[in-house]
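# Observations on the model geometry
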Amino acid sequence: MQITIGQSQKKSAKDAVLEATAKISSPVGIYFQSSYALLEEISARLAEKYPNIPMIGTSATSYVGKTVSDQILVVVAFGQGAEIKSGVLRHLSTTPLYDIEGLEQAITQLNASADNSVCLEYCTNDEECLVTSMNVALEKKNITLAGGTVFGVPNGKTAYVCVDGALYEDACAWMVVKNKNGRIRTYSENIYAVPQDAKRHVATEVNTAKRELIALDHQSASSVYAQETGVSGQAIVDNALQNPLGRIVGDDTYIISPYELGSGGSLISYKRVNENDTIAILELLDYDQINEQTREKIKEEGKPSFIFSINCIYRHILFNNEHYMDRFLSNMEDVAPHVGVVGGGEQYKLQHVNQTMVAVVFE
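Residues numbered from 1 in each chain as written. Predicted model: local features only at pLDDT ≥ 70, side-chain atom pairs only at ≥ 80, totals over all residues. Heavy atoms only, no water.

### Some remarks on the side chain of Thr186
Here Thr186 is to be found in strand β13 (residues 184-190). When neighbours within four sequence positions are excluded, Thr186 is seen to be in contact with Val118, Thr144, Tyr348, Lys349, Ala359 and Val360. (Helix = DSSP H or I, 4+ residues; strand = E, 2+ residues; numbered from the N terminus. Contact = heavy atoms within 4.5 Å.)

So this is what it looks like as C-alpha cells:
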C-alpha cells in the first residue's frame, strides 16, 4: 500500500495545504489533523483540491516523525493498493445509529475483511454509545475499530470532526481502509497493571451521564482511593498518571482516568463506570520496556510500512513530565514512518479506554 505523509507549520491555511500536499498525487483517501483555528478552512481547501476523494479530519495535537505540535497540519494520503470509504455518524448524543447504514454499505462495497481492513475514526463525544453502535456494522466482518476522541479544543469552543470538507459536531468521522496488497494489524499498549495485592471494589453508585463514580463499596470513591494510595482531594487527579482506576472484566483491564473531583467525594472520569463494575487502583509499569515489547512484536509479525497511533492525553502528559517523549517518538519512527494523534480517549475494538496507546500498522 502506498502512503504519503505531508506536513506544514505555515500560518495560513492556503500555504499549509500547498506545502503539506506537495508530494501527494492520485490519492484514493486522505485523513488529516490540523490546528483548531485553521480546521474549517483547511478542510474546505483539501476537499476542493481532492474532490470525490474520501476524507476525514479533525483538530489535534499531532505526532509526525519527531515533531509534536497542535499548530501543525499533517496529511496522510493513501494511494495505490488501497480502497477507502468515508462517512459520518451524526447525533451521537441522541441517535448514534442514525447513519449506521452508510458504514454497513461501505464494508459491503469494499468486501472488507478482518486481516486487510480497519475502521479509523475521530469522534467528539458519547464514546461508549459510539463503540456499541459502530460494532453493529463492524462485528459482522470482524473489522477492528481504532480511533480517538477530539481533545484540545479551546475553552468555550465546539469540537468538530470533518468529512469530505464538511464540519460536524456531536458526530464521528469514520474511514474504512482496505489494503489490497497486505495486512493491516492493530495493537493496544497498556502501561498499567493491577497490583498482585490490589483490592477489588464494586461500583455501588454512579452517574453514567456525567461519567461520575460516586461510591465504591458504599463509600465515597475519593475516600477509597485515599485509603489505598495516601493521596486525597484534588491531588487524586494528578496522581492518576501514576495510579489510575481500572475496570476489570475477566482477564482484561480497561483504564479509567479521573480528571475532576466531584461533590461529596466522587470522581469524574473520561470513561464511564457502570453500577456493579469491578474496580481496582492500578500501578504504573516500566513503560520504556513495554513500548520496546510492542515495537518488537510489530516487527516480528510482519513488515510495517506505516504506523498510525492514538495516544491518550494522560500518556502524553506523563511522557512529557518524564522527559520521555523524544525517546518514544524516535523509537516509533525507527520501526516505520509514524503519525500519531493525542486523544481524550481511545476507541479500540469493542471498548472505549483511557491512558492507552492504540497502534494501527499498515504493511
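### Thoughts on the state of the cysteines
Considering all chains together, one arrives at zero disulfides under this definition. Considering cysteine sulfurs only, Cys123 is the nearest to Cys129, which forms no disulfide, with 11 Å between them. (Disulfide = S-S within 2.5 Å.)

### Examining the packing of helix α1 (residues 13-20) against helix α2 (residues 39-49)
At a minimum axis distance of 9 Å, the contact between α1 and α2 shows a crossing angle of 50°. One element, α1, and the other, α2, form an angle in the oblique class. Regarding α1 and α2, the two cross each other, and that crossing is right-handed. Contacts between α1 and α2 involve Ala13, Lys14 and Val17 on the former and, on the latter, Glu41, Ile42, Arg45 and Leu46. Split by residue class, the contact of α1 with α2 holds four nonpolar, no polar and three charged. (Axes fitted to C-alpha atoms, helices over the stretch in contact; angles between N-to-C directions. Parallel < 35°, antiparallel > 145°, perpendicular 65-115°, else oblique. Left-handed = near helix turned anticlockwise from the far one by under 90°. Nonpolar A, V, L, I, M, F, W, Y, C, P; charged D, E, K, R; others polar.)

### Section: the pairing of strand β7 (residues 82-89)
Burial analysis of β7 places six of its eight residues in the buried class, which makes it a mostly covered element. In the sheet, β7 pairs with strand β12 (residues 172-179) via eight bridges, with the strands oriented antiparallel. Within β12, the position partnered with Leu89 by the bridge is Cys172. (Buried < 20%, exposed > 50% of the residue type's maximum accessible area, 1.4 Å probe, protein only. Pairing = 2+ DSSP bridges.)

### Some remarks on α1
Residues of α1 that are buried: Ala13, Ala16, Val17 and Ala20. For α1, the buried positions fall inside an angular range of 95° around the axis, keeping them on one side. Residues of α1 that are buried sit in contact with β1 (3-8), α2 and β6 (73-78). (Arc of directions from axis to C-beta.)

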